[in-house]
Amino acid sequence: MLVSAIIVAAGKGERIKTPVPKQFLDVDGIPIISFSLSYLENAEIVDEIIIVTLLEWMDYVKKIVLNGKFGKVSEIIEGGERRQDSFKTGLAIAKGGIIIDHDAARPFPGVLNIDEMVEKCREIGAIIPVIPVNDTVKYVGEGKVRKTIDRRGLFCVQTPQVFRRELCERAYKMAEEDGFYGSDTASLLENSGIPVFTTRGSVFNIKITTEDDLVLVRAINRRYSNHR
Ligand code: CTP
Ligand code: MG
């Protein structure tokens, strides 16, 4: 079964508010999207890479792919309104029976063992990396604590998420029927009653959400540059 990686890079980065979308910001002279592109290009298990991006950044992405000699990139296509819509456009043209779903805004997937995730996915169908919530968690409203949540059993979810293709297709069909929205692909499978298995993520597999995260990305890049 072929393995297709879909890199979703069609977000506008409303929380970080930089003029350039966060997936295209330069860190140590490298655009953020190139970090995960390099990793997936060099991962033997990956057969093709599909980049889903913003229409106005399409030419820029094409240049990155040409200059970086990312030969596995088979398509660069336009995304949609929500992450869910962007992933769907990638899924529609992916050739693989196994799909790796990855955030362009997450530069260090190489700190995880993707080969192992793909192998497990072939058996169990859906696997996602998670890390335990370490801090105390509270609901806050209008500057006041409403409730404290028991953090036992709570995890933060990362990408790459790996799925058997037919499960994604089934989940998307049902999400459309239900009008279901999820901020990650796994939640669509959950909505369809499809079991989603977890594996250990890493605090170094960070997603850029705000400007502060860029400080951490620079530090991790120095520490883990051998993972690219
Ligand atoms: N993404 C996408 N299409 C969208 C929204 C998000 O491809 N319509 C991608 C982003 O580019 C990112 C990943 O999904 O690589 C994770 O999303 P997130 O961190 O939420 O990025 P943004 O939506 O760009 O940021 P924000 O939510 O702050 O606006
Ligand atoms: Mg978003």
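Everything that follows concerns the structure shown earlier in this document.
Rules and cut-offs
Residues numbered from 1 in each chain as written. Chains lettered and ligands numbered in written order. Predicted model: local features only at pLDDT ≥ 70, side-chain atom pairs only at ≥ 80, totals over all residues. Heavy atoms only, no water. Salt bridge = Lys/Arg side-chain N within 4 Å of Asp/Glu carboxyl O. Helix = DSSP H or I, 4+ residues; strand = E, 2+ residues; numbered from the N terminus. Buried < 20%, exposed > 50% of the residue type's maximum accessible area, 1.4 Å probe, protein only. Pairing = 2+ DSSP bridges. Arc of directions from axis to C-beta. Contact = heavy atoms within 4.5 Å.

### Topic: the pattern of salt bridges
Phase 1 of the analysis: Per the stated rule, a full pass over the model turns up 14 salt bridges.
Phase 2 of the analysis: Here E48 ties to K95 by a salt bridge, and the two come within 3.0 Å at their closest N and O atoms. Pair noted here: E48 is in strand 4 (residues 48-53) and K95 is in the loop between helix 3 (83-93) and strand 6 (98-103), with a separation of 47 residues, a long-range link.
Phase 3 of the analysis: Taking the relative accessible area as the measure of exposure, E48 reaches 7% and is therefore buried.
Phase 4 of the analysis: Its salt-bridge partner being D150, residue R152 comes within 2.8 Å of it at the nearest N-O pair.
Phase 5 of the analysis: Exposure remark for R152: the relative accessible area of 70% places this residue in the exposed category.
Phase 6 of the analysis: Exposure remark for D150: the relative accessible area of 44% places this residue in the partly exposed category.

### Topic: the pairing of strand 11 (residues 161-164)
Phase 1 of the analysis: Side chains Q161 and F163 project from strand 11 onto one buried face, and the interleaved V162 and R164 project onto a second face that is buried too.
Phase 2 of the analysis: Summarising the sheet, strand 6 and strand 11 pair through 4 bridges and their orientation is antiparallel. Residue pairing for strand 11: I99 is matched across the bridge by F163.
Phase 3 of the analysis: Where strand 7 (residues 126-132) lies against strand 11, 2 bridges are found, and the strand directions are antiparallel. Counterpart to I127 in the pairing with strand 11 is V162.

### What to know about helix 2 (residues 58-67)
Phase 1 of the analysis: Residues of helix 2 that are buried: M58, V61, I64 and V65. Each buried residue of helix 2 sits inside an arc of 120° when the element is viewed along its axis, so together they form one side. Exposed side chains of helix 2 directed beyond 90 degrees from the buried face belong to D59, K63, L66 and N67.
Phase 2 of the analysis: Those residues of helix 2 that are buried lie in contact with strand 3 (30-31), helix 1 (32-42), strand 4 and strand 5 (73-78).
Phase 3 of the analysis: Two residues or fewer after helix 2 comes K69, characterised by a positive phi angle close to 55°.

Everything listed is a geometric property; what it means functionally is a separate question.
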